[in-house]
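Working through the structure, step by step
For reference, the chains in residue letters:
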Protein chains: 2
Amino acid sequence: MTSSVAQLKRSCEQCALSCFCLARDLLGSERTRFASVVKRRRILKPGDNLFIAGDRFHALYILHTGAAKSYLISESGEQQVTGFHMPGELIGIDGLSDHVHAYCVEMLETSSVCELPMPELDRMIATSRALRHRFLSLIAKALIDEQQMLLTLGKLNAEQRLAQFLLNMSQRHATLGGSESEFNLSMSRYDIASYLGLVVETVSRMIRRFQEEGVIEVEKRWVHIIKEENLRQRLAEAAERSLAQANKKRVMSSSA
Amino acid sequence: MTSSVAQLKRSCEQCALSCFCLARDLLGSERTRFASVVKRRRILKPGDNLFIAGDRFHALYILHTGAAKSYLISESGEQQVTGFHMPGELIGIDGLSDHVHAYCVEMLETSSVCELPMPELDRMIATSRALRHRFLSLIAKALIDEQQMLLTLGKLNAEQRLAQFLLNMSQRHATLGGSESEFNLSMSRYDIASYLGLVVETVSRMIRRFQEEGVIEVEKRWVHIIKEENLRQRLAEAAERSLAQANKKRVMSSSA
DNA sequence: CGTACGCTTGACTTGGTTCAATCCTGGTGG
DNA sequence: CCACCAGGATTGAACCAAGTCAAGCGTACG
């Protein structure tokens, strides 16, 4: 037991991820203390659930390696993917509201996850200003990302949703030190479709369209973004129609 | 100055809202201390912005009376309404991530708003366990609500989106002590449409459909929900098709 | 008074879904 | 070792829910 804790301390202090995760802003002694909050590393296989909706909440998690998705089951029994998680990200915040998890988290790859029991984490949030601020910052970031996603689902067409998704994945891979233009997707087309509020056929067709136009290259789950700026352009293009219309109106009223 | 602070203390302790807002779980001395964190009450008129995207973040807000909407502006210049706020709700959490607000908040009615400067609030979060937990709970609740909205935009059709919206509004009005079946909407049809990822014409048509079927009664922004259970039913009905299909498959494979 | 805006309604169009067929790949069992 | 099968992915054709366009009504407000 003791040795495993010691090992965890070492792993937290030497962890390459610590410049991204909740521990990012912690210095010397605080980081050591944080390491002692980490209870253990769980190893999970693809398809395993870290938790499901209705599970009692007792700890937060940081994804250490691998990838995961979170999803809700609608009243009519359909799965809606609400997010993908990459190393360094905080998982399980949904349980803070009433100590029961509101959604499900399932691994997409073999992953290791750091478990942070809430009582200990809470104590450290109270006493470490740096950790508290980092913690709130990560939660707020999650909130902002979801808002962005509301915009994606509310305003963008299928092509733009896929463009947005690819750019987002690219950027997150880059943040973790990977290539910005070449990476592997860890989720299925079905997951992508659900996440983007589309059906799998539409996702497939949009990928083909991008390939035919030479914007990306795709081989199964491997993606190569050839013209990033082209993808960005498409996101702004919803304006054209509505702007053109607004201009038309302006012209009409000024000529009248 | 002093007298105004005193007045605020009184108002926090006697505020009818305190059984809903951030101060809910605070007892005697802590509630008094919380009252001293509240800097002032700002009064805003319909159309006024509490803050807009890009504004520097320095305080959180609790809506005291009135109503507000939050929205994002997409890259192509369109407005996407991401939420509606009612009394007691915490506003401005988005600024915690990098001290700049990510979205805009605009009043829908003449409203009063309690301002909680972040440095003072942060100190109290660190020291009051009750406040800290209530704070995290409210943030997590916001996150869960947004996830639910992702499901709405990703999986529900126009009719179901409106049903969901009406039930949600009804429930929130009831929580604040109003009628569950009769209330006034504070937002325009345009805001509702944007929020639900629809166009205003579709919202108008769905309202008409519900009225023709005797499920609701609407007069301008006043709503009377006649058959709540009917609205609920519709939310589960997406299943029919997919469940029917799943059953068909099961029959096929068992007969084969 | 008029005009601009919120809202409604009808006719038409279309982007994305649905349905159906096929291909590919990895895993399982004979 | 190969045959077989299930599940992921792709593709084409037909369809429809929601968007677009256009017109009109009521009313709040300068």
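Residues numbered from 1 in each chain as written. Chains lettered and ligands numbered in written order. Predicted model: local features only at pLDDT ≥ 70, side-chain atom pairs only at ≥ 80, totals over all residues. Heavy atoms only, no water.

**Examining the sheet that holds strand β5 (residues 79-85) of chain B**
Note the following rule: For two strands to pair, DSSP has to find at least two bridges joining them. Strands are runs of DSSP state E lasting at least two residues, helices are runs of H or I lasting at least four, and both sets are numbered from the N terminus onward. Interaxial angle, 0 to 180 degrees, is taken between N-to-C directions of lines fitted to C-alpha atoms, where a helix line uses only the stretch in contact. The contact rule is simple, with two residues in contact once any of their heavy atoms fall within 4.5 Å.
Pairing is antiparallel in the open sheet, where four strands are placed in the order β2-β7-β4-β5 (chain B). Either end of the sheet is taken by a strand with one partner, and the two such strands are β2 (49-51) and β5 of chain B. Averaged over all pairs of adjacent strands, the angle between their axes in this sheet comes to 30°, without regard to strand direction. Examined bridge by bridge, strand β4 (residues 68-73) of chain B and strand β7 (residues 104-107) of chain B share four bridges and lie antiparallel to one another. The partner of S70(B) across the bridge, within β7(B), is V105(B). Where helix α4 (residues 129-155) of chain A meets the sheet, it contacts β4 and β5 of chain B, and its direction lies at approximately 125° from that of β5(B).

**Looking at the confidence of the model for chain A**
For residues with low pLDDT, the predicted coordinates do not support detailed interpretation. All names here are of chain A. Definition in use: What pLDDT reports is the predictor's confidence in each residue, on a scale of 0 through 100.
Per-residue confidence for chain A averages 87 on the pLDDT scale, and 88% of its residues sit at or above 70. Of all helices and strands in chain A, the one with the weakest mean pLDDT is helix α9 (residues 238-255) (45), whereas helix α6 (residues 189-196) scores best (97). Of the regions scoring below 50 in pLDDT, residues 1-9 engages in eight contacts with residues more than four places distant in sequence or in other chains. When the criterion is pLDDT under 50, residues 242-256 qualifies, and its contacts beyond four places in sequence or with other chains add up to two contacts.

**Remarks on the pattern of salt bridges**
Residues and elements named next belong to chain A. What counts is decided by this rule: For salt bridges, the criterion is a side-chain nitrogen of Lys or Arg within 4 Å of an Asp or Glu carboxyl oxygen. The buried label goes to any residue with under 20% of its type's maximum accessible area, the exposed label to any with over 50%, and the partly exposed label to all in between, with areas taken from a 1.4 Å probe on protein chains only.
This structure, assessed with the given rule, holds 24 salt bridges over all chains. The salt bridge involving R234 is made with E159; its shortest N-O contact spans 2.9 Å. Residue R234 is located in helix α8 (residues 228-236), and its partner E159 is located in helix α5 (residues 158-175); the two are separated by 75 residues in the primary sequence. Taking the relative accessible area as the measure of exposure, R234 reaches 10% and is therefore buried. Residue R234 is joined to E213 by a salt bridge in which the shortest nitrogen-to-oxygen separation is 2.4 Å. Highlighted residues: R234 in helix α8 and E213 in the loop between α7 (200-212) and β10 (216-219), separated in sequence by 21 residues. Judged by its relative accessible area of 37%, E213 is partly exposed. The structure contains a network of salt bridges with shared partners spanning E159, R209, E213 and R234.

**Quick look at the protein's contact with DNA strand D**
The following threshold applies: Proximity is defined per residue: any heavy atom of the residue falling within 4 Å of a molecule or strand makes that residue near it. In protein, a polar contact means a hydrogen-donor-capable atom and an acceptor-capable atom, both N or O and within 3.5 Å, with residues adjacent in sequence counting only if both atoms are side-chain atoms; elsewhere, any N or O pair within 3.5 Å suffices.
For DNA strand D, the set of nearby residues contains 18 residues, the closest of which are R189(A), R208(A), N157(B), A158(B) and T202(B). Within 4 Å of the protein, atoms of DNA strand D come from sugar and phosphate in 74% of cases. Between E201(B) and DNA strand D, the recorded distance is 3.2 Å, taken from a side-chain N or O atom to a base nitrogen. At 2.4 Å from a phosphate oxygen of DNA strand D is found a side-chain nitrogen or oxygen belonging to T202(B).

**Quick word on the interface of chain B and chain A**
Put simply, the rule reads: Note: buried area is the sum, over both parts, of the accessible area (probe 1.4 Å) each one loses when the two are combined.
Taken together, the 47 residues of chain B in the interface contact 47 residues of chain A. Buried area between chain B and chain A, both sides added, is near 4,300 Å², and the carbon and sulfur share of it is 64%. It is Q147(B), L150(B) and K155(B) that lose the most area in chain B upon contact with chain A, and together they represent 15% of the buried surface on that side. Our enumeration of links across chain B and chain A arrives at four salt bridges. With its nearest N and O atoms 3.7 Å apart, the salt bridge here joins R129(A) to D122(B). At the junction of chain B and chain A, the tally comes to 14 residue pairs in polar contact (both at pLDDT 80 or more).

**Some points on the protein's contact with DNA strand C**
Residues in close proximity to DNA strand C total 18 residues, the closest being A158(A), T202(A), R205(A), R189(B) and R208(B). Taken together, the sugar and phosphate atoms account for 70% of what DNA strand C places within 4 Å of the protein. In this structure, T202(A) approaches DNA strand C through a side-chain N or O atom, which is 2.2 Å from a phosphate oxygen. One nitrogen or oxygen atom from the side chain of R205(A) is found 2.9 Å from a base oxygen belonging to DNA strand C. At the level of elements, α7 of chain A together with α6 (189-195) and α7 (200-212) of chain B are the ones that each hand at least two residues to the surface near DNA strand C. Considering each element in turn, the surface near DNA strand C owes the most residues, four residues, to α7(B).

**Some words on empty space enclosed by the protein**
Residue and element names in this part refer to chain A. Which entries qualify depends on this criterion: Only protein atoms enter the 1 Å grid used here. Points where a 1.4 Å probe fits but cannot escape make up a cavity, open sets with protein on both sides within 12 Å along at least five of seven lines make up a pocket, and a residue lines them when an atom lies within 4 Å of a point. Grid points are joined across faces, edges and corners, and a volume is the space filled by probe spheres set on the points. Amino acids outside the nonpolar list (Ala, Val, Leu, Ile, Met, Phe, Trp, Tyr, Cys, Pro) and the charged list (Asp, Glu, Lys, Arg) are all regarded as polar, and Gly is one of them.
For the coordinates displayed, the defined rule picks out five cavities of 30 Å³ or more. Estimates place the volume of the second largest cavity at around 80 Å³. If you list the elements that add at least two residues to the lining of the second largest cavity, you get β3 (59-65) and β8 (111-117). Residues belonging to the lining of the second largest cavity are distributed by class as follows: nine nonpolar, two polar and one charged.

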